[in-house]
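As a plain string of letters, each chain reads:
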Amino acid sequence: MRLLSSLTTLALATSVIGSSWFSKAAYNKWHETELERWLSDHDVPYPTPSDRKDLENLIQKNWDSYAVSPYKNWDSDKLSAYLKQKGIETKEGAEASKDSLLTQVQNSWYETEDTAQNAWASARDWILDSWTDSQLKAFADKHGIPVPQPRKRDTLLQKARSSYDTVAKKLGETASYPGNWLYETWSESDLKEWLDTNGFPAPQPSSRDKLIASVRRNSRLAYLRAQDQAAAASASANAAYASLTDKIIDAWGESQLKEFADKNGIPVPQGSKVNELRALVRKHRAQILGDSASASAASAFGAATSNANNQYAKATDSASLAAQEAFNSAVGTWTESRLKAYLDARGVPVPHGSKTDELRALVRKNSHKAASGYSAWTWDDLSTENLKDYLKSSGDTTAQSVANKAGATRDDLVLAAQSAYASASSAGGDSYASVTSYLTKATDAAKQNAFDTWSESELKSYLDSYGIPVPQGSKLNELRAYARKQYTYFKYGTSGPAETAFAKLSEAVKDGYQWVLDQVIGGSEAAKKKAQDTKAEL
């Protein structure tokens, strides 16, 4: 009888779930301005004036396609790209229909429908996670949120989240589907950077309101992607170290140890001896696996990750973290000429006859090294207008003739600028001072509008110099995002200034990782002492 009752209850629940979920939908509790804002953000037309019921009915019709299963609006190429990113093989030819791709994506989506339904019931729990440390600090300062020193990421996030509703109420604003108040401290370049960093094209033509709408609309997907990518990187790092036994480490020679360190982003001090290399590798293995000398720190590590809301799952490679992992991945595609240029810009000598793999190893070894002031390569990411302006004002007759030449390509202008720079650098004095003065002004402007004026062919040529294949059908904004990404890797390596998109991407992960690492180290010491006490008792 009890079984029959349970089955009956289950059947009733199943039969009504389709109609009852709506009554529990997050937006049922939203203010009318939030309902209108959501519809506007997703380009769903609604009549004005409208009563609440009309607005809710419109959202109900579109909620699944935008909030729960956004991939249903994707084309086949985007569906295939998602599956490739997840490491899932897709069928070829006629079998690769959009319906089959949709099914595969649905089966491997980031979150369940229930989780997606509940996400917008408490936006404060995740909407700030894709912000950088500097953006969180600005938010705290703007709204007088006290944050204890040192201002670490986990503390900033916790304080911002706990004050989120209070700030909205103080401003007389809504917080469930937040308005522009949430992004008051963001500049338009911040908004564009966020979209570029997270792989979303900026709206064209763009305005501040449209940029905010795009950031707000895509924040949930960006959060889910970041979690998934970081978890995959973490799993990859675990796999690499899990198979590394003490016997293997002891059997390796100096070259093998250095190769492993290079591939896994382990910084090796110059002049390290073989035994020191072995100790270094073991240290990083212990950190990534939570394996202390007493082999008892695993429990402490588990507790630390739990308390940090699974921050470890957001960490990437062992010691290099997000920045090193992303940089290493990018360098893996660069051409030989681009690798040499990176080293040249930092004054790193390139051994004669170096092979591509050796160049990559050398670039990774110098990933933290800052570019040595200006160099010939400073010119290769300036706009056509900047290049022509410089050549015309350079006082170099040959350079001026190239600038005035009809049909001169951007590559022609870059070569002329590099040549003029080399001449001025050799001459020194006023000639060189004039060059550096111009570069200072030009590069400051480029930080704000890099690649905005470039044509499609110029962007493709620039990406080609890195060996980056351009996906077929890429839009102009996507090409600009690809170009900015490589430009930042090339210019800053893994030590970019706080205002660069790359640095912002890395800082979002590294501080969370460091928090867990601190807990692990503390836990390891406690575990080690416990193990010693236990041994003494035996």
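Residues numbered from 1 in each chain as written. Predicted model: local features only at pLDDT ≥ 70, side-chain atom pairs only at ≥ 80, totals over all residues. Heavy atoms only, no water.

Engineer: Now, about the overall build of the protein: what can you tell me, with residues and values included?
Structural biologist: Helices and strands together make up the secondary structure of the protein, namely 24 helices and zero strands. When each of the 538 residues of the protein is scored for burial, the buried share is 43%. Taking all contacts inside the protein whose residues are at least 6 apart in sequence as the whole, residues at least 24 apart take part in 64%. When the accessible area of the protein is evaluated, it comes to approximately 27,800 Å², of which 51% is carbon and sulfur surface. (Helix = DSSP H or I, 4+ residues; strand = E, 2+ residues; numbered from the N terminus. Buried < 20%, exposed > 50% of the residue type's maximum accessible area, 1.4 Å probe, protein only. Contact = heavy atoms within 4.5 Å. Areas by Shrake-Rupley, 256 points an atom, 1.4 Å probe, with all protein chains shown as cover.)

Engineer: Break down the nonpolar core for me, with residues and values.
Structural biologist: Membership of the largest hydrophobic core comes to 60 residues, with the highest contact counts inside it found for Trp30, Trp63, Leu182 and Tyr183. Considering every element that reaches this core, the biggest residue donor is helix 10 (residues 208-242), with seven residues. Contact partners of Trp30, with chain neighbours within four places excluded, come to Leu35, Trp38, Arg52, Trp63, Trp120, Ser176 and Tyr177. By size, the runner-up hydrophobic cluster in this structure holds 25 residues, among which are Ala326, Leu339, Val363 and Tyr487. (Core = buried A, V, L, I, M, F, W, Y, C linked by side-chain atoms within 4.5 Å.)

Engineer: So, the packing of helix 2 (residues 32-41) against helix 3 (residues 52-68): which residues are in play, and what are the values?
Structural biologist: For the pair helix 2 and helix 3, the least separation of the axes is 10 Å and the interaxial angle reads 40°. If you check the angle between helix 2 and helix 3, you find them oblique. For helix 2 against helix 3, the interelement crossing comes out left-handed. When helix 2 is examined against helix 3, the residues Glu32, Leu35, Glu36, Trp38 and Leu39 are found in contact with a partner set consisting of Arg52, Leu55, Glu56, Leu58, Ile59, Asn62, Trp63 and Tyr66. Taken together, the residues of the contact of helix 2 with helix 3 break down into eight nonpolar, one polar and four charged. (Axes fitted to C-alpha atoms, helices over the stretch in contact; angles between N-to-C directions. Parallel < 35°, antiparallel > 145°, perpendicular 65-115°, else oblique. Left-handed = near helix turned anticlockwise from the far one by under 90°. Nonpolar A, V, L, I, M, F, W, Y, C, P; charged D, E, K, R; others polar.)

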